[in-house]
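Results of the structural survey
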Amino acid sequence: MQTLPTLGITGLDPAADGLAAGAVYLVASETPLIARALLFGNLPHGGDRPLLCVSRADPTLQANTARLDERLRVGSATLLAPQQQTHDRLIPLERQLAELARYRHRLQPASGPIVVALDEADNYLPLDHSAMAQRALEHCRRWAAETGHTLLLVFAAQRLDLPQLALLSQLGANCAGLAFGQQSWQGYYTWQVEHWQGEESLTMPTPFPLKLGSDGLLQVDTTPDSEQASSRTASDRQRVLATRSSLPDSTTPSQHWQLFDTRAALLEAAQTAVAATVLLDAADSGELPEAIRHLRQHCGKQLKILVREVGNNRLRHSDEQLLLSLGANAVLPAELGLTSMLSLVGSLQQAVYQGRLDGETGLFEAASRPESDRGYLPPARFVASVSATVERSRLIGIQNVLIGLRPAPGADPLDMLRLCHFKRAGDLCTADNDHVYLFLFACRDTDVDTALRHLFRLPVGELFVGELRNPDPDSIRLALDQLRGQNGFASLPDLSDAIAGQPAVAPTPRATTPLNKPSFTAPTPAPLQRRPPTPREA
């Protein structure tokens, strides 16, 4: 029997690791670290079948690409970078798959099936439209079956809302495999395999604890976990305890639901719960972290804890991450209708919390708070403040974004800084001689365009001619190192007085001509070049 190529994750059950020819597999990763390690680290180790990887991520951020370097050198792997796309316009999937098939001749050996890994697959499947997504995935399955190639679709779960994740789970039922990668602690993850067709078949949902090894690759964590799930009988799995204000009309959905007038009454009733669902409202959010921490540590990992936004009580991304780090399973937006919420509650009955139970509320709360500064900081203070914020917020998985912008001709960075209107603490900006740098605290990648519109109140495309986003801690650190390392950094001026002393004047809009570009660009087949480590990193 011919050995299948695999995901390359050491220690993973063979039934959850193999990649069959002519099959489609779905993977959703809630952090770019998992996707990057999988694509550029583990997959190249997963056998000798030719590998075609499509990703906009930077391979040099992966700690160990020795195997990928070797496969690029001998021609058994190729990296392709899709052109930048906006989130409101999906890439035509049929055309992309046809184009990818034409890259087969670049790989060695020259014939036979290959493994195609497509990163950020949410840019290809319209998960906002169920029927369209089903048709697109059916095309993927036909394409894989006709070509004999294996198609691995990697989704950025942090950019998907709950209805989109629910649809992804439904779509995955018709594919050869479906798995979710979640961060449970810094450097530690859970690989939740819903089903998989490998050397054998894995048909029951199975979690695997993962960690990043010393070689930078994902591997199964075999360390005994002192925080085992509760061994008590979970006879209350269908029971739901909720505050009345967490439901739109305070009606009891079914006999399994029990409503409480106050949060204190609900928390008292939940003391004996094992696998029930607790639904809290987001009012008085200052008391939520301690309530959730207490519930999780007292009741164990089988309890489901949901927090629902109500009315205008909206949570910042940093507040959501704090609650999730302390034990909440999910935060439900206020826009989620009652029918969808009831469906979600039902789908979570078998869920088991994958985080650790030893979280320190004070430490996590400190990680969720932004700096007190907002707006412009001189370059040196900006670098120091952003570095400290990113490292602190990394503890609970807060997403921050650092953006570099080049002003349009006729304008300079000072003009653009005068146009910025900062309202949120922790949102910062600075400039060098050529660029404006924006740091958006607790801002998801999908919210950046909206944030920029609020900051400038003018079309960003008319103000700037170039934009570079750094949406994860490692890329932010590298961008800050480049800013700090440029010639003349120490002598860059403090523009605080100049910004405060003169009103802003917007540049004249420029006519632009759209460019026709190919869908993918291929790098030169040379080994990846990474900068040498600094003494601090060595």
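The paragraphs below set out a description of the structure included in this document. From a predicted model like this one, the values you see are computed outputs, not experimental measurements. (Residues numbered from 1 in each chain as written. Predicted model: local features only at pLDDT ≥ 70, side-chain atom pairs only at ≥ 80, totals over all residues. Heavy atoms only, no water.)

So, the sheet that holds strand 11 (residues 240–243)
What counts is decided by this rule: If DSSP finds at least two bridges between two strands, the strands pair. A run of H or I in DSSP becomes a helix once it reaches four residues, and a run of E becomes a strand once it reaches two; helices and strands are each numbered from the N terminus. Note on method: axes are straight lines fitted to C-alpha atoms, helices fitted across the in-contact stretch only, with angles between N-to-C directions ranging 0 to 180 degrees. Should any heavy atoms of two residues lie within 4.5 Å, those residues are considered in contact.
An order of 12-11-13-14-15 is seen for the five strands of this open sheet, with the pairing classed as parallel. Both outer strands of the open sheet, strand 12 (257–260) and strand 15 (330–332), are each paired with one neighbouring strand and no more. Put simply, the sheet's adjacent strands are angled 20 degrees from each other on average, direction ignored. On the sheet, helix 7 (residues 288–299) packs against strand 13 (277–281) and strand 14 (304–308) and is oriented at approximately 165 degrees with respect to strand 14. Along the sheet face, helix 9 (residues 338–347) touches strand 11, strand 12, strand 13, strand 14 and strand 15 and points at about 115 degrees away from the line of strand 12.

Here's the deal with the packing of helix 11 (residues 379–393) against helix 15 (residues 473–485)
Stated precisely, the cut-off is as follows: Our angle categories are set so that under 35 degrees counts as roughly parallel, over 145 as roughly antiparallel, 65 to 115 as roughly perpendicular, and the remainder as oblique. Should the near helix be turned anticlockwise from the far one by less than a right angle, the crossing is left-handed, and should it be turned clockwise, the crossing is right-handed. Here the nonpolar group is Ala, Val, Leu, Ile, Met, Phe, Trp, Tyr, Cys and Pro; Asp, Glu, Lys and Arg are the charged ones; every other residue, Gly included, is treated as polar.
Running from N to C, helix 11 and helix 15 cross one another at 165 degrees; their axes reach a closest spacing of 11 Å. Relative to helix 15, the element helix 11 is oriented roughly antiparallel. The interaxial crossing formed by helix 11 with helix 15 has left-handed handedness. Residues Phe-382, Val-383, Val-386, Ser-387 and Val-390 of helix 11 pack against Pro-473, Ile-476, Leu-480, Leu-483 and Arg-484 of helix 15. Classifying every residue of the contact of helix 11 with helix 15 by side-chain character gives eight nonpolar, one polar and one charged.

A word on the environment of Val-436
Checked against the element boundaries, Val-436 lands in strand 19 (residues 436–440). Look past the residues within four positions of Val-436 in its chain and what remains in contact with it is Ile-403, Gly-404, Leu-405, Pro-413, Met-416, Leu-417, Thr-430, Ala-431 and Phe-464.

Some thoughts on the state of the cysteines
What counts, and what does not: Cysteine sulfur atoms that come within 2.5 Å of each other are treated as a disulfide pair.
Counting across every chain of the model gives zero disulfides. You can see Cys-140 has no disulfide; the closest cysteine sulfur is in Cys-175, sitting 8.0 Å from it.

Structural notes on the sheet that holds strand 17 (residues 401–407)
Read from one edge of the open sheet, five strands run 16-18-19-17-20, paired in mixed fashion. Each having just a single partner strand, strand 16 (375–376) and strand 20 (464–470) make up the two edges of the open sheet. Inspection of the sheet shows strand 16 paired to strand 18 (residues 428–431) by two bridges, in the parallel sense. Bridging across to strand 18, Tyr-376 finds its partner in Cys-429. Of the strands in this sheet, strand 17, strand 19 and strand 20 touch helix 15, which is tilted by about 45 degrees from strand 17.

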